[in-house]
Structures are given as C-alpha cells and as structure tokens.
Amino acid sequence: MTPIKTCIVDKSNKKNPVWFMRQAGRYLPEFREIRKENPNFIELCLNKNLTPEITLQPLKRFELDAAIIFSDILMLPYGLGQKVEFKKNYGPSLEDLDLNKLLNVKDEDFTNKLKPVYDAINIVSKDKLVDEKDLFGFIGAPWTIFVYMLNKKSPKLAKDLKNSIFNKIQDKDIQKLLMIIVKFLKIHIKNQIENGASMIQIFDSWAGLLEEESYEDYIYNPTIELVNYTKKLGVPVICFPRNIKNYKKFCAKVNPSAVNIDYEVDPKIIIKEIKIPIQGGLDPKILLSDKDQLKKEANKYLEIFKDHPYIFNLGHGVLPETDPNMVDYLVKLIKDFK
Ligand code: 1CP
C-alpha cells in the first residue's frame, strides 16, 4: 500500500489547507476543450490518459493542497452493470435496475470494469504535482447511490420521493440492495487506496431528501460501516452529508475524520457543536460575485475557524459559470490569511 504522504486533516501540517469540490471540471477552459472531443462522459471517466490530465489541471493553475481524481460517483452502478449515460441538459440517465443480476456480480468483474479509474489514480499518485499533497479518492454514500439506481435520473427531477424511489422496490429488497451497494463501495474504496488515494471523501448529496426518522437505516448505519472500513485501511475519511438536518448528530453517530458542511450551515453555531475537523461551507455562488464580496465571505469562514482544524472548501461544487480568476484570487487570499 502507498504510504500516506501528508494529511490534510492534520492542521499541524499546514495552515489553512484548501481544495475545492469539482475543482477539475466545467469552469476550466482546458477541461471544456477535452470534453468537447469526448462527448461520452463515462468513456471519458474510463480514459486513463485523460483523467490524470484533467485531475491535474487545477493543480497547475492554483496552489491547492489536494487533488481529487476525475471520476464520478455513478461509476459504481456502471461497475455493477447498470448502464449509465450522461445526456446534455438532462444529466445522468440509468437503465432499469435488475436486482437478480446485481446479486450475481463478481468482485473481480467489478474491479476489472473500473480498472482504468484505479490505473488513473496510480498515475496521478506518482506525479510530481501531488508530491506532499493529498490525493482524494471518493464514493457516493450508500443512500445517494441507492437514490440514483432506483430513480434512474437526478432526484432534482423527482418531485415525490416515495413514488419515485420507494415504489420502485419491494420492502424485502431494500436491505438486499443496500447491502450490495455497501459491499461494492468497500471494494471501490479499497481499490482506490491500494492505487494511491491518501484520503477518501464520501458524498451524500441527497441526504437532505430523507426525514430524520429514516437516517438510522439509510444514512448512519451504512455510512458507519464505510467510515470504519476506510479508517481500518489507515486512510482518513471526510463525509459530506449535504443538507442533512443535524450535522452534530451525524458526527456523533458516524465519527468521520472530518465533515464537510454545506452553505446553509451557520459556521458560528457548528463550531460550538462539532469537535472534529471541519471542511467547506462557503457558498459557491459567492465566486460569481466580485472580489470584495468574495474576500468578505471567505474571511468570515477563516476568522470563525481560526482556532479549529479547518480545511477550506465550498458548501457544494464549483459552479460551471465560475471565472477561474476568482478561484485564483480565493486561493491566494486563503494562503495569505494570518
Ligand atoms: O462536462 C460535463 O457535463 C460533466 C459534468 C460532471 C463532472 C465534471 C459530472 C456529471 N461529474 C463530474 C465529475 C465529478 N463528479 C467529480 C470529479 C472530481 C472533482 O470534484 O473535480 C466528483 C467528485 C463528482 C461527484 C458527483 N457526481 C456527485 C457528488 C457531489 C455533488 O455534486 O453533489 C454527484 C451527485 C454526481 C452525479 C453527477 N455527475 C454529473 C452530473 C450532471 C451528476 C448529477 C447531478 C444531479 O443529480 O443533479
């Protein structure tokens, strides 16, 4: 296993480490160039020459402390044999779920299907640009993957959760599906770590869809399993349970190495409630305003978290319409903050 080079969650290493969710992506003209030539998004994620290049693009521009492998959380259903397509102006589109087929997927077939992702992590982990920096592998949390596999499209397009998701699966099969998802997410985590990921981030982008009474079954229990599994492999794990109603309880139950907060969370309140390192928070829309506004908002987070282990990041991903010069300004501001 590759030794951990540095650890972004350990504040003693560096002051105000920074990286951004979706730092490699559509706001960068050099990414759009590649994307134009590669209309099939899944194929692009499986291109082990281009994914390292895309992963490193933001590190060439900005003084970031971590890279995140260019891939997608929906590579999991793809690896399990559920076809995934990304359609223009629509987003992901998945084929019908066949539980019997899923129950028969072999570990090695899954790993082989996703081998280009692991090869790409291996290539990036050896690149000089990530020397002394972390390399994030990532997964979608079991609940978020469950949502996409059943809803077959973005839940943004689903008005009624019960109808769009739970009516598509019999009660007796819910646990079976969650178990398969957790099993293969573990394999996906292990493969990423064995190929050089020094951190894992778990994106629960649709945690906010559930009522609190369902958290135990769909969020806490399956996520605890993955957090403990990752920690046992010796790698820190950051959770982002986006829009969850109670971050304090989530941290008490799940105990990740750090937690990413969304932009609805009041940093002044959360700092009193959570002892573990905190990441993120700044509304990505602020990057669409002007430098004065950006400075004011970024300084707010930096001031509040001055004496708390804090990794600068956003409250969701960088928006496609973001000007890269604003990202550059923000990184410099964070690095100059005293
Ligand atoms: O050019 C394009 O059209 C592709 C846009 C794009 C990109 C750049 C998608 C489609 N995925 C990605 C890469 C990606 N996705 C990364 C790469 C590394 C980086 O952060 O730079 C990561 C970590 C993700 C994670 C991801 N994919 C999440 C979790 C984070 C979040 O945004 O909440 C989710 C929900 C997805 C699913 C997904 N991928 C892409 C789309 C359009 C969607 C659906 C979003 C939705 O349901 O609305």
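Use the structure listed above.
Note that the structure is a prediction, hence the values are computed from the model and not measured.

Moving on to the site of the ligand. Of all residues adjacent to the ligand, which total 24 residues, the nearest are Arg 22, Arg 35, Tyr 148, Ser 154 and Ser 205. One of the side-chain nitrogen or oxygen atoms of Arg 35 is found 2.6 Å away from an oxygen atom of the ligand. In the model, an oxygen atom of the ligand is placed 2.7 Å from a nitrogen or oxygen of the Ser 154 side chain. By residue class, the composition of the shell around the ligand is 14 nonpolar, five polar and five charged.

Moving on to the pattern of salt bridges. Scanning all chains against the criterion turns up 16 salt bridges. Glu 303 is the partner of Lys 306 in a salt bridge, and the nearest nitrogen-oxygen pair spans 3.3 Å. Glu 303 gets classed as partly exposed once you look at its relative accessible area, which sits at 41%. Members of the salt-bridge network, linked through shared partners, are Lys 48, Lys 115 and Asp 119.

Glancing now at the packing of helix α11 (residues 215–232) against helix α12 (residues 247–254). Orientation of α11 relative to α12, taken along the N-to-C sense of each, is 45 degrees, at an axis distance of 9 Å. Put simply, α11 runs oblique to α12. Once α11 is placed against α12, the crossing between them reads as right-handed. Contact with α11, carried on its side by Glu 216, Ile 219, Tyr 220, Thr 223, Ile 224 and Val 227, involves Lys 249, Phe 250, Lys 253 and Val 254 of α12 and no other residues of that element. When grouped by side-chain class, the residues that make up the contact of α11 with α12 number six nonpolar, one polar and three charged.

To continue, consider the packing of aromatic side chains. This structure, assessed with the given rule, holds 17 aromatic pairs. Considering the side-chain rings of Phe 41 and Phe 70, the 5.9 Å spacing of their centres and the 75 degrees angle between planes classify their relative orientation as edge-to-face. Taken together, the residues Phe 41 in helix α2 (residues 41–45) and Phe 70 in the loop between β1 (66–68) and α4 (75–79) connect sequence positions 29 residues apart. Each member of the pair, Phe 41 as well as Phe 70, is classed as buried.

Procedures and definitions
Residues numbered from 1 in each chain as written. Predicted model: local features only at pLDDT ≥ 70, side-chain atom pairs only at ≥ 80, totals over all residues. Heavy atoms only, no water. Near = heavy atom within 4 Å. Polar contact = N/O pair within 3.5 Å; in protein donor to acceptor, adjacent residues only side chain to side chain. Nonpolar A, V, L, I, M, F, W, Y, C, P; charged D, E, K, R; others polar. Salt bridge = Lys/Arg side-chain N within 4 Å of Asp/Glu carboxyl O. Buried < 20%, exposed > 50% of the residue type's maximum accessible area, 1.4 Å probe, protein only. Axes fitted to C-alpha atoms, helices over the stretch in contact; angles between N-to-C directions. Helix = DSSP H or I, 4+ residues; strand = E, 2+ residues; numbered from the N terminus. Parallel < 35°, antiparallel > 145°, perpendicular 65-115°, else oblique. Left-handed = near helix turned anticlockwise from the far one by under 90°. Contact = heavy atoms within 4.5 Å. Phe/Tyr/Trp six-rings, centres within 6.5 Å; stacked < 30°, edge-to-face > 60°.

Distances and angles like these do not, on their own, reveal function.
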